[in-house]
Amino acid sequence: MAMSQDELKALVAKAALEHVPEGAVVGVGTGSTVNMFIDALATIRSKVAGAVSSSVKSTERLLGHGIAVLEANAVARIPVYIDGADEIDHGGNMIKGGGGALTREKIVADLADRFVCIADASKLVKTLGKFPLPVEVIPMARAQIMRRLKDLGGDPQPRHNYVTDNGNQILDVRGLSITDPLAMETAINQWPGVVEVGIFAVNRASVCLLGTPDGVRRLDF
């Protein structure tokens, strides 16, 4: 009998525990797969020193399990960051931010020596872009950034009734084919008013644990 998407997520969430060094502060992302990882992390909470969290929701879940949460400013480096992806390509580049936490996720990812992506096999794609690309923007710059995204061939739409944990807005951009993730990430992040773009190429995955019907498939990048 085929496993459900939730069962696949639970599989990779548990597998990610093997990538958490004993006594470490671990970086924790955001989303449904990460929620399962937090629940799994709670089973070994005595073996970790705490977590740096990328969202208010993840922080609340960690604290609810009795796992200490440290401010990002309080740590210089962390050995590993564990998070999901909305899409990941065969080079470890990702689209993230479907849940709106892309900026904080990228900050925590940048503190980490390794990024372990946990996802079900449906997230693995040849070319990024079918999933709408999130771009967090300062509200004052929204219209100008939308014009520039249209110039790239995208169809940007403001996320309805949504404000990020940082008090900003998100544009979801459909219609892009992201063949050079690093170049597009670099270009968009130069635009005044862009807080962060949901392409993770500079901070790409080191490892991806994919939930498949045959078990966990590991991809190293």
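One can find the structure itself at the top, above this paragraph.
The paragraphs below set out a description of the structure included in this document.

Definitions and cut-offs
Residues numbered from 1 in each chain as written. Predicted model: local features only at pLDDT ≥ 70, side-chain atom pairs only at ≥ 80, totals over all residues. Heavy atoms only, no water. Phe/Tyr/Trp six-rings, centres within 6.5 Å; stacked < 30°, edge-to-face > 60°. Helix = DSSP H or I, 4+ residues; strand = E, 2+ residues; numbered from the N terminus. Buried < 20%, exposed > 50% of the residue type's maximum accessible area, 1.4 Å probe, protein only. Core = buried A, V, L, I, M, F, W, Y, C linked by side-chain atoms within 4.5 Å. Contact = heavy atoms within 4.5 Å. 1 Å grid on protein atoms, 1.4 Å probe; cavity = no way out; pocket = protein on both sides within 12 Å on 5 of 7 lines; lining within 4 Å. Points joined across faces, edges and corners; volume = space filled by probe spheres on them. Nonpolar A, V, L, I, M, F, W, Y, C, P; charged D, E, K, R; others polar. Salt bridge = Lys/Arg side-chain N within 4 Å of Asp/Glu carboxyl O. Pairing = 2+ DSSP bridges.

## Remarks on the packing of aromatic side chains
- Counted by the stated rule, this structure contains 2 aromatic pairs.
- When the ring of Tyr81 is compared with that of Phe115, the centres are 5.0 Å apart and the planes differ by 85°; the resulting orientation is edge-to-face. One end of the pair, Tyr81, is in strand β4 (residues 78-83); the other, Phe115, is in strand β7 (residues 112-120), and 34 residues separate them in sequence.
- Under the relative-accessibility criterion, Tyr81 is labelled buried at 0%.
- Look at Phe115 and Phe200: their rings are 6.4 Å apart centre to centre, the planes differ by 85°, and that puts the pair in the edge-to-face class. A residue pair is termed long-range when its members are at least 10 positions apart, and Phe115 in strand β7 and Phe200 in strand β12 (residues 199-200) qualify at 85 residues.
- Residue Phe115 is classed as buried on the basis of its relative accessible area, which comes to 3%.
- The exposure class assigned to Phe200 is buried, which follows from its relative accessible area of 0%.
- Put simply, the rings of Tyr81, Phe115 and Phe200 pair up and form one aromatic cluster.

## Comments concerning the nonpolar core
- Grouped together as the largest cluster of nonpolar side chains are 24 residues, with contacts concentrated most on Val26, Val28, Phe37, Leu41, Ile82, Ile118 and Leu209.
- Ranked by residue count, the leading element in this core is helix α2 (residues 32-41), at 5 residues.
- Non-local contacts of Phe37, meaning those with residues more than four positions away in its chain, are made with Ala13, Ala16, Leu17, Val20, Val28, Ile82 and Ile118.

## Re empty space enclosed by the protein
- For the structure shown, the criterion picks out 1 cavity of 30 Å³ or more.
- If you add up the space inside the largest cavity, you get close to 30 Å³.
- What lines the largest cavity is Gly100, Ala101, Leu102, Thr103, Arg104, Glu136, Thr164, Asp165 and Asn166.
- Take the lining of the largest cavity: its biggest share by element is 3 residues, from helix α4 (residues 102-111).
- Tallied by class, the residues present in the lining of the largest cavity amount to 2 nonpolar, 4 polar and 3 charged.

## Here's the deal with the pattern of salt bridges
- Scanning all chains against the criterion turns up 9 salt bridges.
- Notably, a salt bridge pairs Arg77 with Asp113, separated by 3.1 Å at the nearest N-O pair. A residue pair is termed long-range when its members are at least 10 positions apart, and Arg77 in the loop between β3 (69-70) and β4 and Asp113 in strand β7 qualify at 36 residues.
- Given a relative accessible area of 44%, Arg77 falls into the partly exposed group.
- A salt bridge links Lys96 to Glu105, with the shortest nitrogen-to-oxygen separation between them at 3.3 Å.
- Here Lys96 falls in the buried class, since its relative accessible area comes to 2%.

## So, the sheet that holds β12
- Spatial strand order, β5-β6-β12: 3 strands in an open sheet with antiparallel pairing. For this open sheet the edge positions go to β5 (87-88) and β12, each flanked by a neighbour on one side alone.
- Of the strand pairs in this sheet, β5 and strand β6 (residues 94-95) are connected by 2 bridges, and their pairing is antiparallel. Each bridged residue has a counterpart across the sheet, and for Glu87 the counterpart in β6 is Ile95.

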